Amino acid sequence: MAEHSENPIESVIEKISEKIYDHDSSSSSDSDSDSEKPASPSSVKAKIYRLFGREKPVHIVLGGGKPADVFLWRNKKISASTLGGATAIWILFELIEYHLLTLVCHILIFLLAILFLWSNAHTFINKTPPRIPEVHLPEEPFFQVASALRIEINWAFATLRDIASGKDLKKFLIVIAAFWVLSIVGSWCNFLTLFYISFVLLHTVPVLYEKYEDKVDPFAEKAMNEIKKQYAVFDVKVLSKIPKVPLKSKTT
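What you are looking at is a predicted structure, and each value in this text was computed from that prediction instead of being measured.

A. The arrangement of the overall build of the protein chain in detail. What the protein chain contains, in helices and strands, is 9 helices and 0 strands. The order of α-helices and β-strands along the protein chain, N terminus first, is α-α-α-α-α-α-α-α-α. Looking at the protein chain as a whole, 10% of its 252 residues are labelled buried. Of the roughly 21800 Å² of accessible surface on the protein chain, 68% is carried by carbon and sulfur atoms.

As structure tokens, then:
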């Protein structure tokens, strides 16, 4: 009787343990299958469009360091003083029509006169003579600027040579349009005004773009898509109809 009373209990315990084991194995297999499934496209965050294909922050695109800090108004006093100095120079040379050589000579006359009079009159006014510092321009910054300019000029020459070789029609049209727009702007104002406008744009456009880039980039994406559509239509209607001259093989 004892054996008959124990057998049902043991069978119940075995059934419960089997069910638990089956449940654990099925859950582990489900988890393994879920881990093996690739992530759905909706779970993957879509790549955000950035203006001109930018992948780095605006600060790094501008070169980083102090120049980028000035353009992005990281230090408002330095940025404001730089923009104010450029504005004062533009007003002097453009509105008042002051000449650079005249301005430099007048500044030197004023400084030299003050220092000369102070150096000779310090005994009468009971003040120490002025300490005129020795100025020596280091070579390294000039070499760095010249090297950077050399790299940029060589890159510009290589780009123009690549365009002139007739390999990329799209790039050729873009450069021609840019030069044409620049020539029109140059006819409106002189080089100093154009330089000042560029300087002001460097101090306003990057900081505004960095502040409102989430609103500017979608609009720029729509504009670029529209430009691509118009270029495709222009390519079909005009560029594709231009006969291409076959290259003659060299005869030996």
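B. Quick peek at the packing of helix 6 (residues 139–164) against helix 7 (residues 169–188). One can describe the packing of helix 6 onto helix 7 by two numbers: an axis separation of 9 Å at closest approach and a directional angle of 120°. The orientation of helix 6 relative to helix 7 falls into the category oblique. Helix-helix and strand crossings are classified by hand; for helix 6 and helix 7 the assignment is left-handed. Residues Leu160, Asp162 and Ile163 of helix 6 pack against Lys171, Phe172, Val175 and Phe179 of helix 7. Grouping the constituent residues of the contact of helix 6 with helix 7 by class yields 5 nonpolar, no polar and 2 charged.

C. Representation of the pattern of salt bridges. Considering all chains together, one arrives at 2 salt bridges under this definition. Residue glutamate 210 is joined to arginine 74 by a salt bridge in which the shortest nitrogen-to-oxygen separation is 3.0 Å. With glutamate 210 in helix 8 (residues 191–211) and arginine 74 in the loop between helix 3 (65–71) and helix 4 (76–95), this residue pair connects regions lying 136 residues apart in the sequence. A residue is classified by how much of its surface remains accessible, and glutamate 210, at 27% relative accessible area, is partly exposed. Given the relative accessible area of 43%, arginine 74 is considered partly exposed. Between aspartate 162 and lysine 171 there is a salt bridge, and its shortest N-O distance comes to 4.0 Å. In this structure aspartate 162 comes out as partly exposed when scored by relative accessible area, which is 27%. Judged by relative accessible area, lysine 171 falls into the partly exposed class, the value being 32%.

D. Local environment of a nonpolar patch on the surface. Among the surface-exposed residues, Ile107, Phe110, Leu111, Ile114, Leu115, Trp118, Phe124, Ile125 and Ile132 lie close enough to one another that they form a single nonpolar patch of about 910 Å² accessible area. As for its placement among the helices and strands, leucine 115 is situated in helix 5 (residues 100–121).

E. The arrangement of the UniProt feature "transmembrane region" (unreviewed entry) in the protein chain in detail. What UniProt calls "transmembrane region" (unreviewed entry) maps, in this numbering, to residues 100–121 and 172–199. In residues 100–121, helix accounts for 100% and strand for 0%; the two terminal C-alpha atoms are 32 Å from one another.

F. A look at the environment of isoleucine 89. Along the chain, isoleucine 89 turns up in helix 4. Separated by 103 residues in the primary sequence, isoleucine 89 and leucine 192 place their C-alpha atoms 9.7 Å from one another.

G. Local environment of the packing of aromatic side chains. What the rule picks out here adds up to 3 aromatic pairs. Ring geometry for tryptophan 90 against tyrosine 196: centres 5.0 Å apart, planes inclined by 10°, an arrangement best described as stacked. Remark: tyrosine 196 occurs in helix 8 and tryptophan 90 occurs in helix 4; sequence separation between them is 106 residues. Across this residue pair, the class does not change: tryptophan 90 and tyrosine 196 are buried. In textbook terms, an aromatic cluster arises when at least three aromatic residues are bridged by ring pairs, as seen for Phe191, Phe195 and Phe199.

Cut-offs applied
Residues numbered from 1 in each chain as written. Predicted model: local features only at pLDDT ≥ 70, side-chain atom pairs only at ≥ 80, totals over all residues. Heavy atoms only, no water. Helix = DSSP H or I, 4+ residues; strand = E, 2+ residues; numbered from the N terminus. Buried < 20%, exposed > 50% of the residue type's maximum accessible area, 1.4 Å probe, protein only. Areas by Shrake-Rupley, 256 points an atom, 1.4 Å probe, with all protein chains shown as cover. Axes fitted to C-alpha atoms, helices over the stretch in contact; angles between N-to-C directions. Parallel < 35°, antiparallel > 145°, perpendicular 65-115°, else oblique. Left-handed = near helix turned anticlockwise from the far one by under 90°. Contact = heavy atoms within 4.5 Å. Nonpolar A, V, L, I, M, F, W, Y, C, P; charged D, E, K, R; others polar. Salt bridge = Lys/Arg side-chain N within 4 Å of Asp/Glu carboxyl O. Patch = residues over 30% accessible without salt bridge, like charges linked within 9 Å, V, L, I, M, F, W, Y side chains within 5 Å. UniProt positions renumbered as here; feature names shortened; annotations may be inferred. Phe/Tyr/Trp six-rings, centres within 6.5 Å; stacked < 30°, edge-to-face > 60°.

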